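Residues per chain, in single letters:
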Amino acid sequence: MTTDLERYILDYISPEDPVLTELDRQTHLRVVQPRMLSGHLQGRMLEMFTAMVDPEYVLELGTFTGYSAIAMAHGLQRPQARLHTVELNDELYDFAAEYIEKAGMRQRIVQHIGPALEVVPQLGLVFDMVFIDADKREYPAYFRMLLDGGLVHSGSVILADNVLWSGKVAQTEVAHNDRQTQGVLEFNRMVRDDERVEQVIVPLRDGLTIIRVK
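Now for a look at the structure at hand.

As a further point, take the overall build of the protein chain. Helix and strand content of the protein chain: nine helices and seven strands. For 214 residues, the compact-globule estimate of 2.2 N^0.38 gives 17 Å, and the protein chain sits close to it at 16 Å. The burial tally for the protein chain puts 50% of its 214 residues in the buried class. Sequence separation of at least 24 residues holds for 73% of the intrachain contacts in the protein chain that already meet a minimum separation of 6. Carbon and sulfur atoms provide 51% of the accessible area of the protein chain, an area that totals close to 10,700 Å². Positive and negative side-chain charges in the protein chain, numbering 21 and 32 respectively, have mean positions lying 1 Å apart.

Structural data, given as structure tokens:
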């Protein structure tokens, strides 16, 4: 997508929440690899998906600085709905918590720190919607955890970010030496071949797979 076209799109979608605008700016100023942040376009898309799915329980794998969690929390419709977000890097906890508080989402968002494969099964919840945006090497394990572990149900929606991985998924000579690319490739194959789900890849930013559990 060209810069001009992206600017045009941003001019014609719902405006960004001021707290998220500030969070975006502060992430770029204070955090390594700020490009990992979802941003306005993807954030609005996540909010819209959440509103349409109307989940009671949402799971996010990979909090980073909290942008996507706050965006999805804006889409929660039910008074009792909660979003559980899991981040491995404990140094990001306070940063994300600060903006979750500023956004008025402290009662909506539950933060967890630790390896997702250990934390999530202990929550004792079945999720209506999941957003995967964490360690790409673990994507296949996340998928197995959700489907084989009974953490999603028929009708649950799983969104997986970065499934095109800067185009590396189509470069087989690179993939053999890159564990993160290998993780994304294996995940994409697993989803494609699993008869329990149906899916589509949307070429938004770095690729977003939308998965529905049958």
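With that settled, consider the environment of Arg106. Position of Arg106 among the secondary structure elements: in the loop between helix 5 (93-102) and strand 3 (109-113). Taking the relative accessible area as the measure of exposure, Arg106 reaches 26% and is therefore partly exposed. Each C-alpha atom, one on Arg106 and one on Ala73, is 9.9 Å from the other, the two residues being 33 residues apart in sequence. The contacts of Arg106, once residues within four sequence positions are left out, are Ala97, Ile100, Glu101 and Gln111. There is a polar contact of 3.0 Å between the side chain of Arg106 and the side chain of Gln111.

Taken together, seven strands build an open sheet; the order of strands is 3-2-1-4-5-7-6 and the sheet is mixed. Taken across any chain shown, the strands that pair with only one partner, and hence form the sheet edges, are strand 3 and strand 6 (197-202). Put simply, the sheet's adjacent strands are angled 15° from each other on average, direction ignored. Looking at chain direction, strand 4 (residues 127-132) and strand 5 (residues 152-161) are connected through five bridges and run parallel.

Throughout the structure, instances matching the rule amount to 15 salt bridges. Here the salt bridges share partners, and the residues they tie into one network are Glu22, Glu98 and Lys102.

Right, let's talk about the side chain of Thr27 for a bit. Summarising the element assignment, Thr27 is placed in helix 2 (residues 18-30). Judged by relative accessible area, which is 0%, Thr27 ranks as buried. Within the structure, Thr27 has its side chain in polar contact with the backbone oxygen of Leu23 (distance 2.7 Å). Leave out the neighbours within four places in its chain, and Thr27 touches Pro34, Leu37, Phe64, Thr65 and Phe95.

Here we come to the nonpolar core. Residues Leu23, Ile70, Met72, Ile109 and Leu159 are the most contacted members of the largest nonpolar core, which totals 30 residues. The element contributing the most residues to this core is helix 4 (residues 67-74), with five residues. Beyond its immediate stretch of four places on either side in the chain, Leu159 contacts Leu46, Phe49, Met129, Val130, Phe131, Ile132, Leu208, Thr209 and Ile210. If you look at the next biggest cluster of nonpolar residues, it comprises 28 residues, including Tyr139, Leu151, Val191 and Ile211.

A few words on helix 3 (residues 39-53). In this model, helix 3 (15 residues) spans 21 Å end to end at C-alpha, consistent with the 21 Å of a helix rising 1.5 Å per residue. Inspection of helix 3 places Gly39, His40, Leu41, Gln42, Gly43, Leu46, Glu47, Phe49 and Thr50 among the buried residues, and these make up the whole buried set. Buried-residue contacts for helix 3 involve helix 1 (3-12), helix 2, helix 4, strand 4, strand 5 and strand 7 (208-213). Once helix 3 ends, the next one or two residues include Asp54, with phi positive near 55°.

On to unusual backbone geometry, then. In the Ramachandran plot, Phe64 falls in the positive-phi region, its phi being about 55° despite a non-glycine side chain. Secondary-structure assignment places Phe64 in the loop between strand 1 (57-61) and helix 4. Positive phi, close to 50°, is recorded for Arg205, a residue that is not glycine. Within the fold, Arg205 resides in the loop between strand 6 and strand 7. Residue Arg205 is classed as partly exposed on the basis of its relative accessible area of 45%.

Quick notes on the rules
Residues numbered from 1 in each chain as written. Predicted model: local features only at pLDDT ≥ 70, side-chain atom pairs only at ≥ 80, totals over all residues. Heavy atoms only, no water. Helix = DSSP H or I, 4+ residues; strand = E, 2+ residues; numbered from the N terminus. Rg over C-alpha atoms; globule rule 2.2 N^0.38 Å. Buried < 20%, exposed > 50% of the residue type's maximum accessible area, 1.4 Å probe, protein only. Contact = heavy atoms within 4.5 Å. Areas by Shrake-Rupley, 256 points an atom, 1.4 Å probe, with all protein chains shown as cover. Lys, Arg positive; Asp, Glu negative; His and termini not counted. Charge placed at Lys NZ, Arg CZ, Asp CG, Glu CD. Polar contact = N/O pair within 3.5 Å; in protein donor to acceptor, adjacent residues only side chain to side chain. Pairing = 2+ DSSP bridges. Axes fitted to C-alpha atoms, helices over the stretch in contact; angles between N-to-C directions. Salt bridge = Lys/Arg side-chain N within 4 Å of Asp/Glu carboxyl O. Core = buried A, V, L, I, M, F, W, Y, C linked by side-chain atoms within 4.5 Å. Expected span 1.5 Å × (residues − 1).

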